[in-house]
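So you can see what is in the structure, the chains are spelled out below.
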Amino acid sequence: MAWTLIGIITVPIILVLLNIAYKNTNRYKNDLFSIETIRGIQEGNDSYDIISLGSSQARYAYDFSNSGLKGANLGATPQTLQLDSFILSNIINKVKPNGIIIISVCLLEFFLNHFKNNLDYDKYIKVLNKTQFRHIGVRNYQKAYLKNLFPLLWCPRGLKFILRDVQPKNIMHVRVNSYDSMDKVNTDADHWISLWNK
């Protein structure tokens, strides 16, 4: 009886501690960098001269740090026009009067409104309200909420990253340029052009 009680108390505590440890890994944080940026804007008290929205293309395209303007890059992947509109409605009060709002549209996905059954949407539960979250096509709000709260339960392979983590994904940090030579830029451009031509 005593051992059963100890087990009932100990196992959940261990699971919660492991879950906390996983949420502190680079593996977990790499996927949420952009979402945390958006949430920081929502919860902060700053006002902005310029903000940009869009998918990964927008995320990597804009850097307002040397513009003399207070700017925020809110690009994230995936981010459709529908998500842009919801995010904008949640942070519009953070844009100064006469502020500039840039919404980038990817050429290959011109005016893409939403994806169907995209699991990457679950992370947006951190920045959208319940009604908005359901509008983007995620039917099970409770499941997405639990996945956000206890990600390790849905990704048990994450245990290995607690012991041996990955490097931070520096490409998501605008000030770190992963293209340190024109050869890399040209190679990447050739890769994308070949995909577009298919």
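Residues numbered from 1 in each chain as written. Predicted model: local features only at pLDDT ≥ 70, side-chain atom pairs only at ≥ 80, totals over all residues. Heavy atoms only, no water.

A.B. asks: Is there a simple way to explain the overall build of the chain in this structure?
C.D. replies: The helix and strand inventory of the chain stands at nine helices and three strands. Order of helices (α) and strands (β) in the chain, N terminus to C terminus: α-α-β-α-β-α-β-α-α-α-α-α. Taken across its 198 residues, the chain has 30% of its residues classed as buried. Across the chain, every contact between residues at least 6 apart in sequence was considered, and the portion connecting residues at least 24 apart equals 64%. Only carbon and sulfur atoms are counted for the fraction: they give 59% of the accessible area of the chain, which is about 12,900 Å². (Helix = DSSP H or I, 4+ residues; strand = E, 2+ residues; numbered from the N terminus. Buried < 20%, exposed > 50% of the residue type's maximum accessible area, 1.4 Å probe, protein only. Contact = heavy atoms within 4.5 Å. Areas by Shrake-Rupley, 256 points an atom, 1.4 Å probe, with all protein chains shown as cover.)

A.B. asks: Would you take a moment to explain the environment of Tyr60 for this structure?
C.D. replies: For Tyr60, the position within the fold is in helix α3 (residues 56-61). On the basis of relative accessibility, which here comes to 42%, the residue Tyr60 falls in the partly exposed class.

A.B. asks: Just to check I follow, could you spell out helix α2 (residues 26-43) for this structure?
C.D. replies: Structurally, the α-helix is built with 3.6 residues per turn, so residues lying three or four positions apart point the same way. Taken as a whole, α2 carries its principal kink of about 60 degrees at Leu32. Among the residues of α2, those classed as buried are Tyr28, Asn30, Leu32, Ser34, Ile35, Ile38, Ile41 and Gln42. (Bend = angle between axes of the 7 residues up to and from the residue.)

A.B. asks: Hey, could you run me through the pattern of salt bridges in this one?
C.D. replies: A side chain with one charge may pair with a side chain of the opposite charge, provided their charged atoms come close. Within this structure, the stated rule accounts for four salt bridges. Between Lys70 and Asp46 there is a salt bridge, with its nearest N and O atoms 3.4 Å apart. Note that Lys70 is positioned in the loop between α3 and β2 (71-73) and Asp46 in the loop between α2 and β1 (48-53), a separation of 24 residues in sequence. Taking relative accessible area as the criterion, Lys70 reaches 36% and is therefore assigned partly exposed. Taken together, the shared-partner salt bridges connect Glu36, Arg39 and Lys126 into one network. (Salt bridge = Lys/Arg side-chain N within 4 Å of Asp/Glu carboxyl O.)

A.B. asks: In this structure, what is going on with the packing of aromatic side chains? I would like to understand it.
C.D. replies: Evaluation of the coordinates by the stated rule reveals two aromatic pairs. Here the aromatic rings of Tyr62 and Phe64 are separated by 6.0 Å at their centres, their planes lie at 10 degrees, and the arrangement is stacked. When the ring centre of Phe161 is taken as origin, the NZ or CZ atom of Arg27, which lies over that ring, is 5.6 Å away. (Phe/Tyr/Trp six-rings, centres within 6.5 Å; stacked < 30°, edge-to-face > 60°. Lys NZ or Arg CZ within 6 Å of the ring centre and 35° of its normal.)

A.B. asks: Looking at this structure, I do not really get the nonpolar core. What am I missing?
C.D. replies: Considering soluble globular proteins, one finds that nonpolar side chains tend to be buried as a cluster. Counting residues in hydrophobic clusters, the biggest one holds 24 residues, and the most contacted among them are Leu74, Ile87, Tyr124, Leu128 and Phe133. Of all the secondary structure elements, the ones that give two or more residues to this core are α2, β1, α4 (81-91) and α6 (141-149). Per element, the largest residue contribution to this core is five residues, and it comes from α4. Not counting residues up to four positions away in its chain, the partners in contact with Tyr124 are Ile35, Ala76, Thr77, Pro78, Gln79, Leu83, Ile87 and Phe133. (Core = buried A, V, L, I, M, F, W, Y, C linked by side-chain atoms within 4.5 Å.)

A.B. asks: Looking at this model, I keep getting lost on the environment of Lys70. Mind explaining?
C.D. replies: Between the C-alpha atoms of Lys70 and Lys96, which are 26 residues apart in sequence, the distance is 9.7 Å. Once residues within four sequence positions are removed from consideration, Lys70 is found in contact with Asp46, Ser47, Tyr48, Asp49 and Ile50. A polar side-chain atom of Lys70 sits 3.4 Å from a polar atom in the side chain of Asp46. (Polar contact = N/O pair within 3.5 Å; in protein donor to acceptor, adjacent residues only side chain to side chain.)

A.B. asks: Explain a nonpolar patch on the surface to me, please; I cannot follow it from the model alone.
C.D. replies: Residues Ile8, Ile9, Ile13, Val16, Leu17 and Ile20 make up a contiguous nonpolar surface patch of roughly 550 Å² in combined accessible area. You can see Ile9 is positioned in helix α1 (residues 2-23). (Patch = residues over 30% accessible without salt bridge, like charges linked within 9 Å, V, L, I, M, F, W, Y side chains within 5 Å.)

A.B. asks: Teacher, can you tell me more about α4 here?
C.D. replies: Along α4, the residues that are buried comprise Gln82, Leu83, Asp84, Phe86, Ile87, Leu88 and Ile91. Buried residues in α4 make contact with α2, β1, β3 (95-103) and α5 (130-135).

A.B. asks: I keep staring at the side chain of Asn148 and nothing clicks. Help me out?
C.D. replies: Residue position: Asn148 is located in helix α6. Given the relative accessible area of 19%, Asn148 is considered buried. Only 3.1 Å separates the side chain of Asn148 from the side chain of Lys126, close enough to count as a polar contact. Those residues within four positions of Asn148 in sequence are excluded, and the remaining contacts are Lys23, Tyr28, Ile125 and Lys126.

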